Structure formats: C-alpha cells, structure tokens
Amino acid sequence: MEVNRFYGSRCISCKEEFRHGDDIVVCPECGTPYHRECYKKEGRCINEALHASGYSWKPITEEEAAAAKVSESGTIRCFRCGEENPSDMLFCTKCGLPLHQNEPPERPFNNMYTPNRYPDMNSTGQQPGQQQGVPPFTNTIMLDKNSEIDGITIEDYACFVRSNPIYFITTFFRFFKLKTKISFNFGAVLFPEFYMLYRKMYVRGMIMLILSFLLSVPSYIYLGTQEFMGQVFIKSAPFVEGKTFQLIYQASYYAFWAIRLLLGFSVNYMYYSSVKKRIRRIKAENPDNMQARQIMALAGGVSWPAVILGGTLMFGLFTGLMFLINNVIA
C-alpha cells in the first residue's frame with residue numbers, strides 16, 4: 001500500500017500532523033498541504049507571500065518524520081542531534097535545527113511568551129552560544145499571525161498594509177505596548193504630502209500638499225526672480241527686495257521645515273490610526289472574514305497614481321503662480 005506522501009508533515013494552519021484518511025487539499029501554487037477545513041478557514045495559502053519567489057513545498061523524509069514525531073511526553077526529538085524539545089518550540093534548543101520542516105521561513109513570530117532561558121545571569125557556568133560577558137535577554141515576546149495589536153490581528157494588518165509589513169507591524173506593536181506616538185520616518189520629512197498620498201491617506205495628503213505649496217509661495221517667487229539655466233521665470237517683482245517680503249520669506253521657510261520635521265516623527269502614528277479605523281470599518285461591514293480581507297487588500301497597500309496626481313497638481317499650482325505674478329501682480 002502506498003504511503004501517504006503527507007504523512008509526518010504538519011498542517012501549517014492548525015499545526016496538527018497529517019494522518020491517514022485526513023481530507024487534505026494543497027495550494028495550487030506551491031503545493032503546501034492543509035486540512036480542507038483549515039484551508040477554508042484561512043481563505044488563502046499562508047505561504048502566499050512566498051509564491052513570487054518560486055517557493056515549493058517539499059514533504060519530509062520518513063526518517064525526518066520519525067525523528068520529529070511528538071512523543072507521549074510532549075516533546076519533539078531533533079533529527080540532527082537527538083535533543084528532546086518541547087512540542088511548541090520552532091527550533092532545536094541545542095543545535096538550532098528547525099523542528100517543523102515546512103513552516104514558511106518568513107514567519108519569525110509565534111504566540112509564545114518565552115521567559116529567560118538562563119535565569120541565573122550571575123552563574124559562572126557559560127551557557128551554550130552565550131558570549132563571555134554578554135547576558136542573554138531577560139525575556140522575549142514573540143507573536144504569530146493571530147496575535148492582536150489593539151484588537152486587530154497581525155494577519156489583518158499585514159493584509160491591509162501589504163507593502164513593507166514587517167516594518168509597520170513592528171512599529172504598530174511598539175505604539176500599542178509602549179503607549180507612544182513617536183516614530184521617525186525620513187521619507188515623511190522630505191515629502192510628507194506625497195508619502196501620505198502613497199499610503200492612501202488622501203485627505204491628509206491633499207491638505208499637506210496645499211499647505212506645502214502655500215508655505216513655498218515666497219520661496220517660489222524669490223527663486224523665480226533669479227536666473228536659472230539662462231531663464232528667469234518672473235520678469236519683474238520689485239517687492240521681492242522689500243523688508244516685508246524678506247520677513248515673510250524667512251518665516252515661511254522655517255515654518256515649512258518645522259512642519260515637515262514634526263510630521264517625520266508623527267506620520268507613522270497617523271498611518272497606524274488610519275489603518276486601525278479602516279480595518280475595523282471593513283470588518284464591521286463584512287462579517288465574512290475572507291471577503292473582509294479581500295476588501296482590505298484593495299483598500300490598503302500603496303498608490304503610485306495618487307503620487308503622480310499630487311505631483312501634477314503641485315506643478316499646476318506652480319505654473320499658475322508664475323502666470324499670476326507675470327501677468328497680473330507685476
């Protein structure tokens with residue numbers, strides 16, 4: 001009788017080992033196996049993010065399956081070194097070998113709270129892998145896709161954010177745990193209006209774009225009177241040399257960069273608040289979890305068209321200002 005090729009492997013949704021007679025389905029893209037009910041619950045392949053890289057699920061060998069089998073005492077025997085490990089450990093505590101062979105490598109989180117494995121930091125005995133004079137971490141908090149940040153699962157955040165999820169989920173977790181609103185974003189210092197549009201914070205982005213333009217008007221006027229590549233955009237503007245204009249020019253310049261610096265430290269929290277609000281609204285309007293995540297994926301992510309539209313609007317405002325100065329005011 002042919003041995004089921006999934007025997008000894010685990011469903012990466014429920015973590016249960018496949019047994020003969022289980023109703024198993026596989027992802028058509030990478031071949032990852034699931035219990036049929038688990039796949040329906042997930043609504044998609046957990047390894048979806050790996051499909052683009054050509055990831056392909058491979059069954060473990062009979063030797064690996066036997067070595068990784070959970071014993072009655074609740075431990076997993078490492079195939080490489082034979083160490084008995086708690087069944088919920090991802091890696092061997094002795095040699096570091098992955099204990100669950102087909103877990104996606106990009107998922108560094110699980111739902112364990114792991115206390116310090118080496119509680120006696122003053123002991124003279126050196127722990128395996130510990131450098132001399134460097135104490136280990138006192139505790140580690142690890143999360144999985146079902147862990148929640150302010151009532152929303154990490155999987156929902158990742159589904160909505162889409163681009164660069166590890167950075168944002170880590171930042172969101174820090175906001176939630178440390179009760180802080182400060183996180184530096186260099187891109188938001190240089191181009192806050194375009195960054196907001198890129199992250200689909202359209203109202204804030206348009207408000208910031210108009211404010212940036214208004215604060216830049218004195219600079220545009222001043223630079224327009226200067227020769228650039230043999231061309232002068234503003235032919236005549238004698239008021240530029242006046243003391244009043246110079247004061248307005250300096251005040252607007254400092255206000256322009258002060259607002260940008262402030263946004264550099266606050267835009268990530270703005271995005272966090274926006275994401276939470278939109279996810280909660282989508283889930284409230286769509287009780288079906290799979291349908292809600294499809295809507296999240298469309299509503300979230302990034303938008304280059306919005307950035308291009310914002311740039312076009314800024315150029316149009318600049319052109320209109322030059323026309324106004326040359327043909328009306330001057």
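Parameters and conventions
Residues numbered from 1 in each chain as written. Predicted model: local features only at pLDDT ≥ 70, side-chain atom pairs only at ≥ 80, totals over all residues. Heavy atoms only, no water. Bend = angle between axes of the 7 residues up to and from the residue. Helix = DSSP H or I, 4+ residues; strand = E, 2+ residues; numbered from the N terminus. Buried < 20%, exposed > 50% of the residue type's maximum accessible area, 1.4 Å probe, protein only. Salt bridge = Lys/Arg side-chain N within 4 Å of Asp/Glu carboxyl O. Axes fitted to C-alpha atoms, helices over the stretch in contact; angles between N-to-C directions. Parallel < 35°, antiparallel > 145°, perpendicular 65-115°, else oblique. Contact = heavy atoms within 4.5 Å. Nonpolar A, V, L, I, M, F, W, Y, C, P; charged D, E, K, R; others polar. Patch = residues over 30% accessible without salt bridge, like charges linked within 9 Å, V, L, I, M, F, W, Y side chains within 5 Å. Areas by Shrake-Rupley, 256 points an atom, 1.4 Å probe, with all protein chains shown as cover.

Undergrad: Explain helix H7 (residues 202-224) to me, and be specific about the residues and the numbers.
TA: Along its length, H7 shows its largest kink, about 45 degrees, at Ser-216, and proline Pro-218 lies within four residues downstream of that point. Along H7, the positions that sit buried rather than exposed are Gly-205, Met-208, Leu-209, Ser-212, Phe-213, Leu-215, Ser-216, Val-217, Pro-218, Ser-219, Ile-221 and Gly-224.

Undergrad: Summarise unusual backbone geometry; cite the residues concerned and give the values.
TA: Here the phi dihedral of Asp-150 falls at roughly 55 degrees; this positive angle occurs in a residue that is not glycine. By secondary structure assignment, the location of Asp-150 is in the loop between strand E7 (148-149) and strand E8 (152-153). The exposure class of Asp-150 is partly exposed, given its relative accessible area of 26%. In this structure, Arg-162 is a non-glycine residue whose phi angle is positive, near 65 degrees.

Undergrad: Give a detailed account of the pattern of salt bridges, specifying residues and quantitative values.
TA: Scanning the model with the defined rule gives 11 salt bridges in all. Between Glu-42 and Lys-145 there is a salt bridge, with the nearest N and O atoms lying 2.9 Å from each other. Taken together, the positions of Glu-42 in helix H1 (residues 36-42) and Lys-145 in the loop between strand E6 (139-141) and E7 put the pair 103 residues apart, joining distant regions of the chain. The burial state of Glu-42 is the same as that of Lys-145; both residues are buried. Between Lys-276 and Asp-150 there is a salt bridge, with its nearest N and O atoms 2.8 Å apart. Taken as a pair, Lys-276 in helix H8 (residues 243-285) and Asp-150 in the loop between E7 and E8 lie far apart in primary sequence, 126 residues in all. You can call Lys-276 buried: its relative accessible area is 11%. Each of Glu-42, Arg-44, Lys-145, Glu-155, Asp-156, Lys-283 and Arg-293 takes part in salt bridges that share partners, so that together they form one network.

Undergrad: Provide a residue-level description of the packing of helix H3 (residues 154-161) against helix H9 (residues 289-299), including the pertinent values.
TA: Running from amino to carboxyl end, H3 crosses H9 at an angle of 40 degrees, the nearest separation of the two axes being 6 Å. By the angle class used here, H3 and H9 are oblique. Of the residues in H9, those in contact with Glu-155, Asp-156, Cys-159 and Phe-160 of H3 are Arg-293, Met-296, Ala-297 and Ala-299. Here the contact of H3 with H9 is built from residues that sort into five nonpolar, no polar and three charged.

Undergrad: How would you explain a nonpolar patch on the surface if you had to name every residue and give the values?
TA: A cluster of nonpolar side chains, namely Ile-182, Phe-184, Phe-186, Leu-190, Phe-191, Tyr-253, Tyr-254, Trp-257, Leu-261 and Phe-265, defines an oily patch on the protein surface of about 1000 Å² accessible area. Contributing elements (two or more residues each) for the nonpolar patch: helix H5 (186-190) and H8. Looking at which element gives the most residues to the nonpolar patch, the answer is H8, with five residues. Tracing the backbone shows Leu-261 in helix H8.

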